[in-house]
Amino acid sequence: MVEPRTPRPGCAPFAFAQGKLHPPLQDDSDCYNRHSMSTQFQIEKTAGAARLGRLLTPHGEIETPVFMPVGTVASVKGVSQDILEELGVQILLGNTYHLYLRPGVDTVRKLGGLHRFMAWPRAILTDSGGFQVFSLNELRKVSEEGVTFRSHLDGSSHFFSPEKSMEIQIGLGADIIMAFDECTEFPADRARTQASMEMTLRWAERSKKYFEEHKHEVPWSGNDCASNTHAGAAVPTWSDKTQSLFGIVQGGMDRALRKESALRTIEIGFPGYAIGGLSVGEPRELTREMVESTIEHLPADKPRYVMGVGTPEEIVEYASLGVDMMDCVLPTRAARHGLLFTSEGKVSIKQARYAQDQGPLDANCACRVCRRYSRAYLRHLYASNEVLAQVLNTVHNLSFYLDTMRRVRHSIQLGEASRFLADIWSRPKP
Ligand SMILES: [Zn+2]
């Protein structure tokens, strides 16, 4: 165990991490600084409603607005961790439901937590498992206590409650974890939406209570930061309570209920807030309306996370509304189906028109795929059902999303609010 120590005067929490993801450990006091850290958020610049910020987590600093690729089972399908680092991925999302079923939280915990297990030294966020329980299980049974569901792998019966979700997420050891919520279906009438929202609020209180009582159980054990290296990268371990639990605002497609959910979730108190229950089949204009009308009730000094969105156009739009964090399976899933996002619009690489196209996939993209391969080759790989097609397509799509967000951050940095969207969308449309 690390002995409790008194903070040194002038020990600025952000000082060690400015501009670096993993600075080398200098001495014992540096190690101590990390032990005393938990997630912190600073806004550096605004342009209209958009914000440029820094989110400091136990496993690195994140520039926001940030796009978080989805690594469902501790893997972004088809792309290795070294390439994700090269692409500039700052934070990955892991799915609690999938990791709980396979390989299981006990296995991950014994192996030192998700970071160590998947050799990923940067930040990780896990969802609560709720969304998959609701979307993948038609036979689920919901009660005040929690949700009984069947595994999509073998049909076995399982039970998630707020406490169970926290126990699993603490065991997985992501930097940011999410309160257990009920994702209200669409469409739903007002009474049903309100009842669902009320239960999510009660579950948020239970999530926070369990988290506060058990967060010290996170598998970042040990007191020797400097000795922790893995696969050539520094993987700091932590002995303090350094995970952060974010709350989730629900309320369906009802503006008044969204407001009430936001205010009452804030009353419970979290270091960050997510807007959940979107992208569940509603029209896009309604998604935007709900995001906009919820954000106005969220505290300005806390990170805002919109879950499960969206297209390149949408992530730019949400950033312009003041969203700081977003995740979506779209770039990776679409890539595996041969659908590629480019500066000139969407490209379906399977089409015969590309069979003899010697040009790069996207002349304005500097990713390793566009620098090296032709459209004809990518089309051939896809038509031949080669594994490499999925790898290369995913690398490009992720690169496109991450570049898009870089441009958004640059626009905010320049403070050009009026040109914010125009800068991004000056590209020719297909
Ligand atoms: Zn590219």
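Residues numbered from 1 in each chain as written. Predicted model: local features only at pLDDT ≥ 70, side-chain atom pairs only at ≥ 80, totals over all residues. Heavy atoms only, no water.

**Q** Quick question: what am I supposed to make of the pairing of strand β2 (residues 50-57) here?
**A** Each regular strand shows side chains that alternate between the opposite faces of the sheet. For β2, the tally of buried residues reaches 8 of 8 residues, placing the bulk of the element in the interior. Where burial is concerned, the two faces of β2 agree: the one with A50, L52, R54 and L56 and the one with R51, G53, L55 and T57 are both buried. Note: strand β1 (residues 40-47) against β2, 7 bridges, orientation antiparallel. Each residue of the ladder has a partner; that of K45, found in β2, is L52. (Buried < 20%, exposed > 50% of the residue type's maximum accessible area, 1.4 Å probe, protein only. Helix = DSSP H or I, 4+ residues; strand = E, 2+ residues; numbered from the N terminus. Pairing = 2+ DSSP bridges.)

**Q** I would appreciate a short explanation of the confidence of the model for the chain in the present structure.
**A** Residues shown with low pLDDT carry predicted positions that ought not to be read at fine detail. Averaged over all residues, the pLDDT of the chain equals 87, while 83% of them reach at least 70. Low pLDDT, under 50, characterises residues 222-239; the predicted model gives this stretch 46 contacts beyond four residues in sequence or across chains. (pLDDT = per-residue confidence, 0-100. Contact = heavy atoms within 4.5 Å.)

**Q** How do you make sense of the sheet that holds strand β8 (residues 147-150) when you look at a structure like this?
**A** One key point about sheets: their strands pair by backbone hydrogen bonds, in either a parallel or an antiparallel sense. With antiparallel pairing, the 3 strands of this open sheet are ordered in space as β7-β8-β9. Whereas interior strands pair on both sides, the edge strands pair on one side only; in this sheet they are β7 (141-142) and β9 (157-160). Sheet topology places β8 next to β9; 4 bridges connect them, and they run antiparallel. Residue pairing across strands places R150 opposite S157, the latter belonging to β9.

**Q** How should the coordination of the zinc ion be read in this particular structure?
**A** Between any two of four tetrahedral donors, the ideal angle at the metal is 109.5 degrees; between two of six octahedral donors, it is 90 or 180 degrees. C365 (SG), C367 (SG), C370 (SG) and H396 (ND1) make up the full set of protein donors to the zinc ion, lying at 2.2 to 2.3 Å. In the primary structure, the donors to the zinc ion are separated according to the pattern C-x1-C-x2-C-x25-H. One end of the pair, C365, is in the loop between β18 (345-348) and α13 (368-372); the other, H396, is in helix α15 (residues 387-414), and 31 residues separate them in sequence. Of the residues examined, C365 reaches a relative accessible area of 10% and is grouped as buried. Taking the relative accessible area as the measure of exposure, H396 reaches 0% and is therefore buried. (Donors = N, O, S within 2.8 Å, 3.2 Å for Na, K, Ca; no water.)

**Q** Honestly, the pairing of strand β13 (residues 244-249) in this entry has me stumped. Any pointers?
**A** Burial of β13 is extensive: 6 of the 6 residues sit out of reach of the surface. Both faces of β13 are covered, namely the face carrying S244, F246 and I248 and the face carrying L245, G247 and V249. The pairing of strand β10 (residues 176-178) with β13 spans 3 bridges and is parallel. Bridge pairing in β13 links I177 to L245.

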